[in-house]
Amino acid sequence: ESKTNVDSLLGEIATVTKEILPDERGEVKVKGQYWLAVSSDNCLIESGKKVSILAIEGAKLIVKKYE
């Protein structure tokens, strides 16, 4: 069974294109596509930072800072 395009994003590294504020959505770019994103631990993630994709909820990604 092949994964859907969305499922293939899990574990990928994305780049923040609009900063993600606590309890607010930002935007990330992954594989050439832009997605709404929220921080898994409600911390600020600045534009330009790398994040890893933990989960997908509808049309938004749940991400955390990539160390």
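Thresholds, definitions, all that
Every chain's residues receive numbers from 1 upward, in the order its sequence appears when written. For a predicted model such as this one, the threshold for reporting local features is a pLDDT of at least 70, and the threshold for listing and counting side-chain atom pairs is 80 or more; totals across whole chains, interfaces and linings nevertheless cover every residue. Excluded from the side-chain calculation are hydrogens and water; included are all heavy atoms of the structure. Helix and strand definitions here come from DSSP, where helices need a minimum of 4 consecutive H or I residues and strands a minimum of 2 consecutive E residues; each element is numbered from the N-terminal end. The reference for a compact globule is 2.2 Å times residues^0.38; the radius of gyration itself is calculated from the C-alpha atoms. Here the term buried applies to any residue with accessible area under 20% of the maximum for its type, exposed to any over 50%, and partly exposed to those in between, with areas from a 1.4 Å probe on protein chains only. Between two residues, a contact is recorded if the distance between any of their heavy atoms is within 4.5 Å. All accessible areas in this document rest on Shrake-Rupley with a 1.4 Å probe, and a residue is counted as covered only by the protein chains that are shown. Positive charges are assigned to Lys and Arg, negative charges to Asp and Glu, while His and the chain termini are left out of the count. For the purpose of locating charges, the reference atoms are NZ of Lys, CZ of Arg, CG of Asp and CD of Glu. Strand pairing requires that DSSP identify at least two bridges connecting the strands. Where helices are involved, their axes are fitted lines through C-alpha atoms of the stretch in contact, as for all axes, and angles between N-to-C directions lie from 0 to 180°. A side-chain nitrogen of Lys or Arg and a carboxyl oxygen of Asp or Glu constitute a salt bridge if their distance falls within 4 Å.

A word on the overall build of the protein chain. Scanning the protein chain from terminus to terminus reveals zero helices and five strands. Taking 67 residues into account, the globule formula puts the C-alpha radius of gyration at 11 Å, and the protein chain, at 11 Å, falls close to it. Dimensions of the protein chain, computed from the C-alpha atoms along their principal axes, are close to 35 × 20 × 20 Å. Counting across all 67 residues of the protein chain, residues that qualify as buried make up 28%. At a minimum sequence separation of 6, the contacts of the protein chain that also span at least 24 residues come to 40%. A total accessible area of about 4,300 Å² is found for the protein chain, and carbon and sulfur atoms account for 46% of it. Charged side chains of the protein chain number 10 positive and 11 negative; the gap between the two group centres comes to 5 Å.

Turning our eyes to something else, we now look at the sheet that holds strand β1 (residues 13-18). Here we have five strands rolled up into a closed barrel, ordered β1-β2-β3-β5-β4, and mixed in their pairing. Neighbour to neighbour, the strand axes of the sheet diverge by 55 degrees on average, direction disregarded. For β1 and strand β2 (residues 26-30), the ladder comprises three bridges, and the chain directions are antiparallel. Its bridge partner being in β2, threonine 15 is matched across the sheet by lysine 29.

Turning to the pattern of salt bridges, a few remarks are in order. Per the stated rule, a full pass over the model turns up three salt bridges. Between lysine 31 and glutamate 12 there is a salt bridge, and its shortest N-O distance comes to 3.9 Å. Taken together, the residues lysine 31 in the loop between β2 and β3 (33-39) and glutamate 12 in the segment before β1 connect sequence positions 19 residues apart. Owing to a relative accessible area of 53%, lysine 31 belongs among the exposed residues under this scheme. According to the relative accessible area criterion, glutamate 12 is partly exposed, its value standing at 28%. In this structure, glutamate 27 engages lysine 18 in a salt bridge whose closest nitrogen and oxygen atoms are separated by 3.9 Å.

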